[in-house]
Amino acid sequence: MSNTPNKSPSSLRHFLRFTSIMRPRFSLSRSLQGNMLTGTIPEVIGLMQALVILDLSDNHLQGTIPAGLGNLTYTNKLYLQGNYLSGSIPLELGNMTHLQYLQLNDNNLTGHIPSELRKLDELFELNLSDNQLEGTIPDGLRSCISLTSFDAHGNHLTGMIPSAFKDIISLAYLNLSNNRLQGGIPAELGHIRNLDTLDLSKNFLTGHIPTAFGDLEHLLILDLSRNKLSGLIPVEFGNLRDITRIDLSYNQLMGHIPDEFGQLQELYSLFLNSNNLSGTIPQELTNCLSLTALNLSYNHLSGEIPTARNFTRFTIESFRGNKDLCGMNIGFECGHYSPHPTGIKAKNLYLGLGLSGTICVLGILAWWLWKSNQQQCEFDSDTGKTSQGFPRIITLHMDLAGHSYDDIMRLTDNLGQKHVIGFGASSTVYKCTLKSGKTVAVKKLYNHYQQNTQEFEAELDTVGRIKHRNLVSLLGYSLSPQGNLLFYDFMENGSLWDLLHGSRKMKLDWDLRLNIALGAAKGLAYLHHDCNPRIVHRDVKSSNILLDEGFEAHLTDFGIAKSISLAKAHTSTLVMGTIGYIDPEYARTSRLNEKSDVYSFGVVLLELLTGRKAVDDDINLHQWVLSMQTSVSVMEMIDPIIRDSESEFAAMSKTLQLALLCTKKHPSARPTMYDVVRVLLTLFPAANTKPAVPVHKGFSCPRYLDEYKDSRSKDDLTLGSSSTSANHLFVTFGEVISENTV
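What you are looking at is a predicted structure, and each value in this text was computed from that prediction instead of being measured.

**Student:** A description of the sheet that holds strand β29 (residues 439-445) should follow, citing residues and the corresponding values.
**Tutor:** If you walk across this open sheet you meet the six strands as β26-β30-β31-β29-β28-β27, and the pairing is antiparallel. A single partner strand is all that each edge strand has here, and the edge strands are β26 (394-395) and β27 (420-423). As paired strands, β29 and strand β31 (residues 485-489) are joined by five bridges and run antiparallel to one another. Following the sheet pairing, Ala441 is matched in β31 by Tyr488.

**Student:** Please set out the packing of helix α6 (residues 510-529) against helix α9 (residues 594-610) residue by residue, giving values where relevant.
**Tutor:** One way to put it is that α6 packs onto α9 with a least axis distance of 11 Å and a crossing angle of 175 degrees. As the angle between them shows, α6 and α9 are arranged roughly antiparallel. Residue-level inspection shows Trp510, Arg513, Ala517, Ala520, Ala521, Leu524 and His528 of α6 in contact with α9, the latter providing Glu594, Asp597, Phe601, Leu605, Leu608 and Leu609.

**Student:** Report on the UniProt feature "binding site: ATP" (unreviewed entry) in the chain, specifying residues and quantitative values.
**Tutor:** Look at the UniProt record and you will see "binding site: ATP" (unreviewed entry) annotated at Lys444. Inspection of the secondary structure puts Lys444 in strand β29. Among the residues examined, Lys444 registers a relative accessible area of 30% and is labelled partly exposed.

**Student:** How would you summarise the pattern of salt bridges if you had to cite specific residues and measurements?
**Tutor:** On inspection of all chains with the given rule, the structure shows 15 salt bridges. Across the pair Asp167 and Lys166 runs a salt bridge, and its minimum N-O distance is 3.4 Å. Under the relative-accessibility criterion, Lys166 is labelled partly exposed at 28%. Between Asp639 and Arg513 there is a salt bridge, with the nearest N and O atoms lying 3.0 Å from each other. With a gap of 126 residues between them, Asp639 in the loop between α11 (634-637) and α12 (649-662) and Arg513 in helix α6 connect regions that are remote in the sequence. Of the two residues, Asp639 and Arg513, neither departs from the other in class, the shared state being buried. When salt bridges that share partners are traced, they join Arg142, Lys166 and Asp167 into one network.

**Student:** Let's hear about the packing of aromatic side chains: which residues, and what values?
**Tutor:** Tallied over the full model, the rule gives five aromatic pairs. Note on Tyr101 and Phe124: the rings are 5.8 Å apart at their centroids and 85 degrees apart in plane angle, and the pair reads as edge-to-face. With Tyr101 in strand β5 (residues 101-103) and Phe124 in the loop between β6 (108-109) and β7 (125-127), the pair connects residues that are 23 residues apart, well separated along the chain. Owing to a relative accessible area of 25%, Phe124 belongs among the partly exposed residues under this scheme. Ring geometry for Phe311 and Phe319: centres 6.3 Å apart, planes at 20 degrees, overall stacked. An identical accessibility class is assigned to Phe311 and Phe319; each is buried. Taken together, the aromatic side chains of Phe311, Phe314 and Phe319 make up a single cluster linked through ring pairs. The lysine or arginine in question, Arg226, covers the ring of Tyr250, its NZ or CZ lying 4.0 Å from the ring centre. Across from the ring centre of Trp624, 3.9 Å away, lies the NZ or CZ of Arg612, which sits over that ring.

**Student:** Report on unusual backbone geometry, specifying residues and quantitative values.
**Tutor:** One non-glycine residue with positive phi stands out, namely Asp130, at about 55 degrees. In this model, Phe551 sits at a positive phi of 60 degrees, which is unusual for a non-glycine residue. Relative to the elements of secondary structure, Phe551 occurs in the loop between β32 (545-547) and β33 (553-555). The buried category is assigned to Phe551, whose relative accessible area is 0%.

Reading the values: rules and limits
- Residues numbered from 1 in each chain as written.
- Predicted model: local features only at pLDDT ≥ 70, side-chain atom pairs only at ≥ 80, totals over all residues.
- Heavy atoms only, no water.
- Pairing = 2+ DSSP bridges.
- Helix = DSSP H or I, 4+ residues; strand = E, 2+ residues; numbered from the N terminus.
- Axes fitted to C-alpha atoms, helices over the stretch in contact; angles between N-to-C directions.
- Parallel < 35°, antiparallel > 145°, perpendicular 65-115°, else oblique.
- Contact = heavy atoms within 4.5 Å.
- UniProt positions renumbered as here; feature names shortened; annotations may be inferred.
- Buried < 20%, exposed > 50% of the residue type's maximum accessible area, 1.4 Å probe, protein only.
- Salt bridge = Lys/Arg side-chain N within 4 Å of Asp/Glu carboxyl O.
- Phe/Tyr/Trp six-rings, centres within 6.5 Å; stacked < 30°, edge-to-face > 60°.
- Lys NZ or Arg CZ within 6 Å of the ring centre and 35° of its normal.

Okay, here's the thing in structure tokens:
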């Protein structure tokens, strides 16, 4: 017998009748999601004009969708997915003029997509996937000018893909896969500049891939697999600098693999298998250091398989069915597959291997003798002890020069407990005072040894070259079975999390909080816009914002979060980040780019404003703010410590608006970090105002407007003093901060 409470259709009807007598202007949200409700949706629901949100998803509801839902003109979210609803989609849903989210997916709906949905010009998301809908996609959807996501995969749709999609300039997600669509792919899709996901797989599409797709500068995922596409792969794909996944498999494509693929530094997956591609595998693909999944099998490729860098990860399965490929390292001999060579070639091969083996043995012996001599000769003048010479410290900054691994162990009592200054999900941090008197932070990673050590070292070398006043400098590192150590600048005042929530909690006034926000934003903007290659932090949070003795903000852990996270898991699909800060769109799709960092930074802004943790007692801060703003004023959500600063209310209100813009559900609706910095500059107080901070001897806090006055850029100075710039940017971002903000 189930322990689930009895929630029968009759009790649902009773509730609906009771609430239908409420005043139409009364704001009501009702979620009955996942309650195992059965029966049909009552017609009386159409009388509940007070309903703002109706969520009946993931139940066992059957029957048709009542036409009376069209009377819910105040409703902006309608969730009916995950039921057993049948019949057609009511034309009357087009009357729900304030509807922003319509999810009817995972049901048994039939019939056509109603053209009346074109009247929903406030609609953000339309999900009709995994039903039995048929017919064509109506051109009228071009009138849904606010649409950011359209998902109709897993239906029986026919006809051609409407070129009218080009008019929906806000569209970021388009999934029409697993249907029966025919004809060519409209080149006009290349004009949807905000598109980050395009999935047209498993249809009957023909013709060439439009070269205009090279203009989709924000595209992250492109899946055109299992169609009947022909022609060449456009060289313009080299312009898709943010793309992470390309799947063109099971088509009839011909020609060469473009060398321009080598420019795609964010590319994780490339599937070109089961086509008619010819020519050699471009050496340029070895430049795609993020590439972890490659399938070029069953084509007509020839020549040698690259062996450098990322190609050391790939097995024979990536290249099967290409009879003219050469590569003894994976079992191919030129001209045919031959894992066991025979004849004269085999004799020559074995002779060569024998000579090579002898040389290797002699080389190893010589190295061992040299190493032994080195160990006897190395002498530490401070301790009088011989140094083993391993593990070694790679010095990226002169502050670490002259320090051996043994020195660090001695100075920290072998990383003793009394030197611990912090713990994280992936590391423990120790305080170490060097022989020169400089204090550094030593981060010991929990994983013992990186599987791809060379790649990790390359990342660390890149991070070590990055210098900015709002980034924590990596001074050096040591990677070995004895422990992976990273050496950073020491930050006297710990992390922002410590000061807001931890044992070092102190009263931070509004000016200082805004100062910290601006510093962190500038560091993140530098990573996104000025680094080459650009860096996505992947784990922006208050504990990764460190504060120096002047309470200036410095971002840490940038550039290595990916490697640290992957080292803790056996799968590359791990969602990286920290609960409460993770971009929900990234968590849902694993599509990560700079806008994921923007979302996390928006949560940090909410922390600074409210004084609350990102997640506290299972309460999500972002969701809490969204729920509170419908019933309380902005000032009631503000941290009581700064609530008395009425003179700063306008700046706090703008910062809240900025935080909500950063945490918009769809990445394309979020600002860039460059624009975040510009807005924060306009909210900063006058340069002659000193922030109230805890008094320390010799304390001084640099003013960012002073820095910008000294800048050569007059534009920065103008932004720092103009309030109209922020207003203009808010309008540019499409600012509608209301009870419906998500």
